[in-house]
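Topology and contacts: notes
What follows is each chain in one-letter form.
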Amino acid sequence: MRIEIVVFDGFDELDVFGPFEVLSMAGFDVGLVAVERPGLVTSMRGVQLQVPEVLNQADGVIVPGGGWLDRATEGAWAQAQRGVLPARLAALAPTARWLASVCTGALVLAAAGLLTGRRATTNRNAYDELRAYDVTVLDERVVDDGDRVTAGALSAGLDLGLWLTERELGAATTDRVAASIEYRTASR
């Protein structure tokens, strides 16, 4: 199963590397991908990555947050305003098994029209904004609404990775990964 995690200038590092670590350890083919073209991407705290691939036809896609709450010139809010990433996500949605987000990445999914009428979560400071997209906001670390899975703020990316691992590969694999990262899941 191919999972692509979208990275863009201003992304939050923990939103990306938490699920990346878990899903990679579980055995998924996980790639960091750019929105429009390969090249250098800089996170919100200055980590630079050379990203060789572009968002393509993955089985699962994860969208991180970063820069939404402060309306940064780079980050999730800027991506939603530009419209390219929301359009790409909307085009991929019919063929992907699921689309997921961490933190304010949910608002990028919402901007693409992919959470309308659904249950989801995001950073608590953005609940009202997410509700404005006709989303039922739940105060949970992970909300699974079938082909859309959202995780709350920052460290909930680990929970997302473990949730998706259990959903796709079962409890035994999830327990193995959780034990190896010494992370106690909410349900165990």
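Conventions we followed
- Residues numbered from 1 in each chain as written.
- Predicted model: local features only at pLDDT ≥ 70, side-chain atom pairs only at ≥ 80, totals over all residues.
- Heavy atoms only, no water.
- UniProt positions renumbered as here; feature names shortened; annotations may be inferred.
- Helix = DSSP H or I, 4+ residues; strand = E, 2+ residues; numbered from the N terminus.
- Buried < 20%, exposed > 50% of the residue type's maximum accessible area, 1.4 Å probe, protein only.
- Arc of directions from axis to C-beta.
- Contact = heavy atoms within 4.5 Å.
- Axes fitted to C-alpha atoms, helices over the stretch in contact; angles between N-to-C directions.
- Parallel < 35°, antiparallel > 145°, perpendicular 65-115°, else oblique.
- Nonpolar A, V, L, I, M, F, W, Y, C, P; charged D, E, K, R; others polar.
- Core = buried A, V, L, I, M, F, W, Y, C linked by side-chain atoms within 4.5 Å.
- Phe/Tyr/Trp six-rings, centres within 6.5 Å; stacked < 30°, edge-to-face > 60°.

- Named according to an unreviewed UniProt entry, the protein chain is Transcriptional regulator GlxA family with amidase domain originating from Micromonospora ureilytica.

1. Structural notes on the UniProt feature "domain: DJ-1/PfpI" (unreviewed entry) in the protein chain
- The feature "domain: DJ-1/PfpI" (unreviewed entry), as annotated in UniProt, sits at residues 1–163 in this numbering.
- As annotated, residues 1–163 comprises 31% helix and 25% strand, and the C-alpha atoms at either end are separated by 15 Å.

2. Thoughts on helix α7 (residues 171–180)
- All of the buried residues along α7 are Thr-173, Thr-174, Val-177 and Ala-178. All buried residues of α7 project into a common sector of 130° when viewed along the axis, lining one side. Among the exposed residues of α7, those oriented more than 90 degrees off its buried face are Ala-172 and Ala-179.
- For α7, the elements touching its buried residues are α1 (13–26) and α6 (156–169).
- Two residues or fewer past α7, Glu-182 is found with a positive phi of approximately 55°.

3. Digging into the packing of α6 against α7
- In the contact formed by α6 and α7, the axes pass within 7 Å of each other and the chain directions differ by 150°. Between α6 and α7, the angle is such that the two are roughly antiparallel. Mapping the contact onto sequence places Leu-162, Thr-165, Glu-166 and Leu-169 in α6 and Ala-171, Thr-173, Thr-174, Val-177 and Ala-178 in α7.
- Partitioning the contact of α6 with α7 into residue classes produces five nonpolar, three polar and one charged.

4. Here's the deal with the nonpolar core
- Val-61, Ile-62, Leu-85, Leu-89 and Leu-130 are the most contacted members of the largest nonpolar core, which totals 60 residues.
- Among the elements that line this core, the one with the most residues is helix α4 (residues 105–111), at five residues.
- When sequence neighbours within four positions are dropped, the list of residues in contact with Leu-130 reads Ala-106, Leu-107, Ala-110, Leu-115, Ala-120, Thr-121, Thr-122, Val-135 and Val-137.

5. Brief notes about the UniProt feature "transmembrane region" (unreviewed entry) in the protein chain
- Sites flagged by UniProt as "transmembrane region" (unreviewed entry) map to residues 98–117.
- Structurally, residues 98–117 comprises 35% helix and 25% strand, and the distance from its first C-alpha atom to its last is 16 Å.

6. Overview of the packing of aromatic side chains
- With the rule as written, the count across this model stands at two aromatic pairs.
- Ring centres of Phe-11 and Phe-17 lie 6.5 Å apart, and the angle between their planes is 65°; on these two criteria the pair is classed as edge-to-face.
- For Phe-11, a relative accessible area of 0% gives the class buried.
- By relative accessible area, which is 31% here, Phe-17 ends up partly exposed.
- Ring geometry for Phe-17 versus Phe-20: centroids 6.5 Å apart, planes at 80°, classification edge-to-face. Residue Phe-17 and its partner Phe-20 are located together in helix α1, separated by three residues, close to a single helical turn.
- Relative accessible area serves as the criterion here: at 25%, Phe-20 is assigned to the partly exposed category.
- By way of ring pairs, the aromatic residues Phe-11, Phe-17 and Phe-20 are connected into one cluster.

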